Every structure is written in C-alpha cells, then in structure tokens.
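# Understanding the architecture of this molecule
So the chains spell out like this:
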Amino acid sequence: MANEGKITMGGNGQLLVPDFPVIPFIEGDGIGPDIWKASVRVFDAAIEKTFGSRKKIVWKKVLAGEEAFHKTGEWMPAETMQIFKDYLVAIKGPLTTPVGGGIRSLNVLLRQELDLYVCQRPIKYFEGVPSPMWQPEKVDMVIFRENTEDIYSGIEYMTGTEENKKLLHFLTDELKTKKIRFPETSSIGIKVVSREGSERLIRAAIQYAIDNKLPSVTLVHKGNIMKFTEGAFKIWGYELAEREFPHHTYTWSQWETTKKERGEAVANEDMRIAAVGGKVIIKDAIADNFLQQALLAPQNYSIIATLNLNGDYISDALAAQVGGIGIAPGANINYKTGNAVFEATHGTAPKFANTNSMNPSSLILSGVMMFEYMGWRDVADRIKAAIGKTIRQKTVTVDFYNLMQDAQLLSTSAFGDAVIKNL
C-alpha cells in the first residue's frame, strides 16, 4: 500500500494519519476475543462504506494479558509497550486484573507508562436502550478523568511492613499528626494531586468543550474535606480557565458577579444559555452532590473534569443511567505526544469467555472514539448511527434482551452482522 505507515504527531500538535494507518490491537482476555472479532468486522465494513478502497486500517496484533503470559511468560511484554509508544494510536479489549494481589493492573500500567493523562468517557443515551432512568435521553456528558495521579499512583503500604512502620513514624513523630486512630493496624496510602497533572487534564477538558461547542465544564471534587488535594484541583482549574481561556470561558465567580450586577438570579440553566452565546461556563460540584444531581438534573452537565478515583466511580454510575458499561466506550489519551489507547471499559467476564454471547458495543463505540480522534468522523458517525438503528430494531445481545419487550436475541457475532447491515 503506497500510503501505509504509522500515525505521527505533526509540529502543530495535530495527528498525521496516512490513508492506510497501522494500528496495534490487543484482543483482550475472557470475552475479549469474541467482542474483538465482531468489532473489527464493523470497523472494516464502515471504512469500506465510507472510503471504498481509498483508505483502510492495517491491523497489527500485539500481546498482553493472559495470552501474552502463556506465550512469553510476561503479562505486558516490553515489545508491546514499545509498539504502543511508536504507533501512537491503539485499541484493546479488556485485560485481566487480579483482585487483592498478583500482577499490577495492566490498564493502569499502560496509562502510567504512556503517560495517558486523560481518561475520556462519553456517556450518551441510545434510543431504546433499557435504563433505570425516567428520562435517560437527558444524559449527555463527557467525563475527563485524570488518569495518572491520585491514589492510583500506587503509593501504599500494608500494615506491619517495614515501609509502613517508617511512614507511621514519620507521620506521628516528625509531623506530630494525631489523626491516625489505630496506628498499629493501619495500612496507609498516599493521595498525590499535582498542579501540573490537574492543569493538563482541565486544559484538555476546556479545549474539548470549546472545540465541540459544548456549554459547560464542571470540576467535580471533594475539596470540602480534602482541601489541599481535591480542593486545590478546583482552585487550579478556575485559575487556569481565567488565565489561559479568558475569551472563551466564564468561571462561576465571573458569571455570578455579572448576574448580580444585573440583579438576576444565578442558575445552571441560565449558564447553559450563556454558553450557547459563545462562552463555556466553568463551574464546580462536590462529588457526592454531583452524583445526586446527575440523577435529578443531568441536563445541567456537559463536560466533567475530575480526579482519578472520583472519575472511576462517576464513569460507572453515569454509564448505568444509559444502559450499563456494556455500551460505555473509553479512551486514554496524551494530547501532547498523541499517544492514545481506546478500550472497552468493562471487565473480562471470564465465565462468558468463548460463548459468543456478550455485547460488543463498548469496544465498537471505543473504535468510534478512535476514528473521531484520527479525524475519520464520517466513519465514526456511520457506526454510531448503525448501532442506534440496530438497538431501535430490538435486535440485541442478552444484556438488553433480558430487559426488553419483544426483542430478538442475537449472539455477539450476529449483533456485529446486524450493525454492518445497518451501516
């Protein structure tokens, strides 16, 4: 192929995508191979429908997880990590993460080694998807979750270890803290939140809102309790917006002042209207209150910028409102280097491995995000429309079938066929 090769980053910070880009992929563990086989057929069919023979992805299989361990003795071979670095854009199925011990999370390892500081999770309702919400169509948000810091830094020490004792000694004897109630039996973890890490995440969220003409960015935090970590995240976010985006944003304080000067009440709905007039509103919410408001008034939120642990909870909670993580896509991105890994957001579901029964939509929609990132938006739009049509036709996999009336049950591969038919 004349124009086959790696995706690269141009000097202007924009991706340079050849007509036949080589994209590494990991099938994944458990149900990973089943959902990958269905998904890749959808990807290839949509590209052909859109571009004919002018463009095509050259898929490059790499190893990680159980397959890699069985073949190489390593869960994440160094070769795989280097390929991900070199080729910039990659996609993967779910990988095994043992609970309570064993290997480190391969997902976290990828994010930290490649410095994929944005975990981006769009949450949007597809008509016809079973939902516990009264009006799930009001849920339309994109989560920007900080991906490399917070307690996910992995700095923690088990009670009784020498490291734990040293840290306890430092905290109690050097810093004179009295807040560790049961020091002899306490395991200790350290929460890391930096200005640089916070700012680059929030900067990406604001820029995304501006580029996509979205009304608001909400900084979600628990700064009322963790004042110097999550509270600082909020403060740094407002400062960044006023410093770097003065012509594109209103912060809450600026908007509140403007409204008071005009003798008007401050309301979220007012802020959404203002944003349509040309500016993105920067506001904040305490994490627990946000989870409540996301149920009561989801229409008041558009882009969510938050820290790592909050983002983990929020992502799954919002996904449940629109049908569950089986239909929730995800991306891990470094907007500076261009490195991005797109992934199914659910687990490996090992008891359903090789059953050809699970919903591949999370991985398919992660591919949609990948095409959008590459600039192939027509391909992305075609796939989204086809998935929506397939669901409206009530031709679905078992997760939705069990919650629908008069639906037709499809296997994983048959669902892929139905989506292809609807392209």
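Just above, that's the structure.
Structural notes, computed from the coordinates. (Residues numbered from 1 in each chain as written. Predicted model: local features only at pLDDT ≥ 70, side-chain atom pairs only at ≥ 80, totals over all residues. Heavy atoms only, no water.)

## Side note on the packing of helix α10 (residues 287-296) against helix α11 (residues 308-321)
Pairs of packed helices are described in terms of their axes, by the angle between the two and the distance that separates them. Contact geometry for α10 and α11: axes closest at 11 Å, N-to-C directions at 10 degrees. By the angle between their directions, the pair α10 and α11 is classed as roughly parallel. On the side of α10, the interface is formed by Ala287, Phe290, Leu291, Ala294 and Leu295, while α11 contributes Asn310, Ile314, Ala317, Leu318 and Gln321. Residues of the contact of α10 with α11, tallied by class, amount to eight nonpolar, two polar and no charged. (Axes fitted to C-alpha atoms, helices over the stretch in contact; angles between N-to-C directions. Helix = DSSP H or I, 4+ residues; strand = E, 2+ residues; numbered from the N terminus. Parallel < 35°, antiparallel > 145°, perpendicular 65-115°, else oblique. Contact = heavy atoms within 4.5 Å. Nonpolar A, V, L, I, M, F, W, Y, C, P; charged D, E, K, R; others polar.)

## What to know about helix α13 (residues 377-392)
When the terminal C-alpha atoms of α13 are compared, their 22 Å separation across 16 residues agrees well with the 22 Å that a helix rising 1.5 Å per residue should span. For α13, the set of buried residues is Val379, Ala380, Ile383, Ala386, Ile387, Gly388, Thr390 and Ile391. Lysine 394 sits one or two residues past α13 and shows a positive phi near 60 degrees. (Expected span 1.5 Å × (residues − 1). Buried < 20%, exposed > 50% of the residue type's maximum accessible area, 1.4 Å probe, protein only.)

## Considering the packing of aromatic side chains
One pass over the full model with this rule turns up 13 aromatic pairs. Ring geometry for phenylalanine 342 and tyrosine 373: centres 5.7 Å apart, planes at 55 degrees, overall tilted. Of this pair, phenylalanine 342 sits in strand β16 (residues 340-344) while tyrosine 373 sits in helix α12 (residues 361-374), placing them 31 residues apart in sequence. There is no split in this pair, since phenylalanine 342 and tyrosine 373 are both buried. Ring geometry for phenylalanine 371 versus tryptophan 376: centroids 6.2 Å apart, planes at 0 degrees, classification stacked. Overall, the relative accessible area of 0% leaves phenylalanine 371 in the buried class. With a relative accessible area of 3%, tryptophan 376 lands in the buried category. One aromatic cluster is present, built from ring pairs that chain together Phe25, Trp36, Phe43, Phe51, Trp59, Phe371 and Trp376. One cation-aromatic arrangement involves lysine 6 over tyrosine 87; the distance from NZ or CZ to the ring centre is 5.0 Å. Directly above the aromatic system of tyrosine 301 lies the positively charged group of lysine 283, at a separation of 4.8 Å from the ring centroid. (Phe/Tyr/Trp six-rings, centres within 6.5 Å; stacked < 30°, edge-to-face > 60°. Lys NZ or Arg CZ within 6 Å of the ring centre and 35° of its normal.)

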